[in-house]
Each structure stands twice: as C-alpha cells, then as structure tokens.
Amino acid sequence: MVQIEESGFYTSDAFLDTDSVLYWKAYVEKMNADNQFRDSTIGKQGHKNVKIRSDKIFWLPDFSGLTQDIGHWLDDLRAALKNHFRMPADEIESHFSIYPVGASYGKHIDNASGVNNRLFTFIFYLNPSWKPGDGGELVLFDPENLDNKLKQIEPRSGTFVLFRSDLFHHEVLKAHKPRYTFTGWMRRHARV
Ligand code: OGA
Ligand code: NI
C-alpha cells in the first residue's frame, strides 16, 4: 500500500505462484480454442485499430465465480484501495488478453480524467517461458513528463502490476512470442 500511495503504481515479480500461472494459462488456451477471444477495440465506439492495439481479449462474464482465489484476493485489495484512497472502487471488470506474435498496444491511458469509471488497473502476466528478447514489455510513463519512461516491466510469469488508471500513460512493446495476461480495473459502478 505504501508504494502505490507514494508513486501511484506497484509492481512485484514472482507474485503469483507457478501452479496458478499454469492453471490460468491453460484456461486461456482452452477459451481460445473454444473461440471465446475477440479482436480488441479502442475508444467508446469500439473501433478496431490494429496499428494502436492488436491483442485479442476474452471478458470474464462472472468475476467472482471464475477467478477463484485470485478473485477473493483482488476483491480484498479493491476494498483496501477504496478505503485507503477514499475512491469509489466498488467493482471489478477484467479480461484475459492474448498478444499474438507482432502484437502491441501503443501509448495510452486507461482513464483520461473521467472519460470512464476506471480507477486502478491491475495486470497479471501468464508467460512461464518469457525471456529477454521475447518483447511485450510494459512501459509506464511519468505522469509529470509524458516523454519520460518511468519503468519498463517484463511480462514474466507471476509478475503483478497495479497502477492508477487516471495517472499513467503506458505502452506494450511488440511481442515476439505470444503474450498472455489477465488484466482488469477496479472501478466505479457504471450507473451512478
Ligand atoms: C490495457 C493495457 C497492458 C499490458 O489492457 O489497457 O494497457 O501489459 N495492458 O498488457
Ligand atoms: Ni492500458
């Protein structure tokens, strides 16, 4: 909590145990084989723009049922963030994402001051064999100076990232190997 309080972001490697990573990776592969993944879109109208964003996503229909232990843990974290920051982080939306080889996600912000209800972004990386050169790193930019790269995070298995959705521009560098994530947002209720 101290780290996110001071810098607005938190990152930890080896956060999720190997068994959970393999479990979720297998789940992603099964859902992909079942054709559950769709091309991602950007913006309110849901435009498809492969130059900016070229991953495929699968929205979790029911967060609490499907995510088991991670779900409980994330919900506790949501409640703690809500209390600590006094922000109305009342629900969680989340999706699995697959970046095929060559895919990337250009520099963007998840919530450009009040455009949507997202307050905190979280990401789990599900890539057991990631190694340097495989690409797909996440770059966080300095909120005070958008040209300044604050941090570059390797999408290694088990790494967890959390940041304020309204503060941090970020970018996903081109993936040279398929790249899997579980990503979501702690957010306000959609209708308030
Ligand atoms: C997003 C996003 C980052 C990542 O889905 O909005 O920025 O590392 N994802 O996958
Ligand atoms: Ni994003």
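About the criteria used
Residues numbered from 1 in each chain as written. Chains lettered and ligands numbered in written order. Predicted model: local features only at pLDDT ≥ 70, side-chain atom pairs only at ≥ 80, totals over all residues. Heavy atoms only, no water. Pairing = 2+ DSSP bridges. Helix = DSSP H or I, 4+ residues; strand = E, 2+ residues; numbered from the N terminus. Axes fitted to C-alpha atoms, helices over the stretch in contact; angles between N-to-C directions. Donors = N, O, S within 2.8 Å, 3.2 Å for Na, K, Ca; no water. Buried < 20%, exposed > 50% of the residue type's maximum accessible area, 1.4 Å probe, protein only. 1 Å grid on protein atoms, 1.4 Å probe; cavity = no way out; pocket = protein on both sides within 12 Å on 5 of 7 lines; lining within 4 Å. Points joined across faces, edges and corners; volume = space filled by probe spheres on them. Nonpolar A, V, L, I, M, F, W, Y, C, P; charged D, E, K, R; others polar. Contact = heavy atoms within 4.5 Å.

**Topic: the sheet that holds strand β8 (residues 145-153)**
Piece 1. Taken together, the 4 strands give an open sheet; going across it, the order is β5-β10-β7-β8, and neighbouring strands pair in antiparallel fashion. One side of each edge strand has no neighbouring strand; the edge strands of this open sheet are β5 (105-108) and β8. The average angle at which neighbouring strand axes cross in this sheet is 20°, direction not considered.
Piece 2. Relative to strand β10 (residues 170-172), strand β7 (residues 138-142) runs antiparallel, the two being bridged by 3 bridges. Residue pairing for β10: Val139 is matched across the bridge by Glu171.

**Re the coordination of the nickel ion (ligand 2)**
Piece 1. Distances from the nickel ion (ligand 2) to its protein donors, namely His108 (NE2), Asp110 (OD) and His170 (NE2), fall within the range 2.0 to 2.2 Å.
Piece 2. Each donor residue of the nickel ion (ligand 2) belongs to the same chain, and together they define the spacing H-x1-D-x59-H. You'll find His108 and Asp110 in the same group, each marked buried.

**Some details on the layout of surface pockets**
Piece 1. There is about 690 Å³ of room inside the largest pocket.
Piece 2. Considering the residues around the largest pocket, the lining is formed by 34 residues, among which Arg53, Tyr105, Asp110, Arg118 and Trp185 are closest to the centre.
Piece 3. Going through the elements one at a time, β3 (56-59), β4 (91-99), β5, β6 (118-125), β10 and β11 (179-187) are the ones with two or more residues in the lining of the largest pocket.
Piece 4. Ranked by residues supplied to the lining of the largest pocket, first place goes to β11 with 5 residues.
Piece 5. For the lining of the largest pocket, the per-class residue count stands at 15 nonpolar, 11 polar and 8 charged.
Piece 6. If you add up the space inside the second largest pocket, you get close to 170 Å³.
Piece 7. Considering the residues around the second largest pocket, the lining is formed by Lys25, Glu29, Asn127, Pro128, Ser129, Trp130, Asp134, Gly135, Lys177, Pro178, Arg179 and Tyr180.
Piece 8. Across the lining of the second largest pocket, the residue classes tally to 4 nonpolar, 3 polar and 5 charged.

**A look at the pairing of β4**
Piece 1. Of all the 9 residues making up β4, 8 are buried; the element is thus mostly covered by neighbouring parts of the structure.
Piece 2. Alignment of β3 against β4, held across 4 bridges, turns out to be antiparallel. In the sheet register, Phe58 faces β4, and the bridge partner there is Phe96.
Piece 3. Bridging between β4 and β11 involves 9 bridges; their strand directions are antiparallel. What sits directly across from His95, in β11, is Thr183.

**Digging into the environment of Trp59**
Piece 1. Within the secondary structure, Trp59 sits in strand β3.
Piece 2. Separated by 39 residues in the primary sequence, Trp59 and Ser20 have C-alpha atoms spaced 19 Å apart.
Piece 3. When neighbours within four sequence positions are excluded, Trp59 is seen to be in contact with Glu93, Ser94, His95, Arg118 and Trp185.

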